[in-house]
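Chain and residue survey
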Amino acid sequence: MSDILDEFRSVVVGGRVERFQGYDALARRAEELIGRMQQIERALGATPPGSEKDWHDLAIAAEALVAITAAQEQWLADHDAALARAIEQARSDIRSLNIPRGTVDVGDVA
């Protein structure tokens, strides 16, 4: 089974295509966006409050985070599907082993 979580994926974020080498890179991008949003929220809560530009930047970051989150969900769904296929293949392989019935006791290694 190939490791889907280590593949390259392209994701459209804020109208731009970003390329990620592995799921971990995508997760780091989400963390960066969350950090940026927290900075903007602090600026908006400051005295004097943040500017219209801060509100705009927050909206852009939130939109990008939605795209990243959707990509994460799809990536994990693809990984889950690959795991399910691998499990089913292992079960099939086990069922097709040529072991005569009644010759293997519990705890024995065939």
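First things first, this report covers the structure right here in the doc. (Residues numbered from 1 in each chain as written. Predicted model: local features only at pLDDT ≥ 70, side-chain atom pairs only at ≥ 80, totals over all residues. Heavy atoms only, no water.)

1. Focus on a nonpolar patch on the surface
Together, Ile94, Leu97 and Ile99 line one region of the surface with nonpolar side chains, adding up to about 300 Å² of accessible area. The topology assignment puts isoleucine 94 in helix α2 (residues 52-95). A relative accessible area of 59% means that isoleucine 94 is categorised as exposed. (Patch = residues over 30% accessible without salt bridge, like charges linked within 9 Å, V, L, I, M, F, W, Y side chains within 5 Å. Areas by Shrake-Rupley, 256 points an atom, 1.4 Å probe, with all protein chains shown as cover. Salt bridge = Lys/Arg side-chain N within 4 Å of Asp/Glu carboxyl O. Helix = DSSP H or I, 4+ residues; strand = E, 2+ residues; numbered from the N terminus. Buried < 20%, exposed > 50% of the residue type's maximum accessible area, 1.4 Å probe, protein only.)

2. Quick word on helix α1 (residues 23-45)
Compared with an ideal rise of 1.5 Å per residue, which puts 23 residues at 33 Å, α1 spans 33 Å between its outermost C-alpha atoms and is within 8% of the ideal. Within α1, the full set of buried residues consists of Tyr23, Ala25, Leu26, Ala27, Arg29, Ala30, Leu33, Met37, Ile40 and Leu44. Residues of α1 that are buried make contact with β1 (8-13), β2 (16-21) and α2. (Expected span 1.5 Å × (residues − 1). Contact = heavy atoms within 4.5 Å.)

3. A few points about α2
In a regular helix each residue adds 1.5 Å, so 44 residues correspond to 64 Å; α2 covers 65 Å between its end C-alpha atoms and thus fits that length. N-cap assignment for α2: the residue whose side-chain oxygen lies 3.3 Å from the backbone N of lysine 53 is serine 51. (Polar contact = N/O pair within 3.5 Å; in protein donor to acceptor, adjacent residues only side chain to side chain.)

4. A closer look at the side chain of arginine 29
Positionally, arginine 29 belongs in helix α1. Among all residues touching arginine 29, those that are not within four sequence positions of it are Val13, Glu18, Phe20 and Ile68.

5. Focus on the nonpolar core
Core analysis: the largest hydrophobic core is formed by 21 residues, its most contacted members being Val11, Phe20, Leu26, Leu33, Ile68 and Trp75. Contributions of two or more residues to this core are made by β1, α1 and α2. In terms of residues, this core owes the most to one element, α1, which gives nine residues. Look past the residues within four positions of phenylalanine 20 in its chain and what remains in contact with it is Glu7, Phe8, Arg9, Val11, Ala25, Leu26, Arg29, Ile68 and Trp75. (Core = buried A, V, L, I, M, F, W, Y, C linked by side-chain atoms within 4.5 Å.)

6. Concerning the packing of aromatic side chains
In the structure shown here, the tally under the stated rule is one aromatic pair. For the pair tyrosine 23 and tryptophan 75, a centre-to-centre distance of 5.8 Å together with 85 degrees between the ring planes defines the contact as edge-to-face. Residue tyrosine 23 is found in helix α1, and its partner tryptophan 75 is found in helix α2; the two are separated by 52 residues along the sequence. Residues tyrosine 23 and tryptophan 75 agree in their burial class; the two are buried. (Phe/Tyr/Trp six-rings, centres within 6.5 Å; stacked < 30°, edge-to-face > 60°.)

Just geometry here; none of it tells us what the structure is for.
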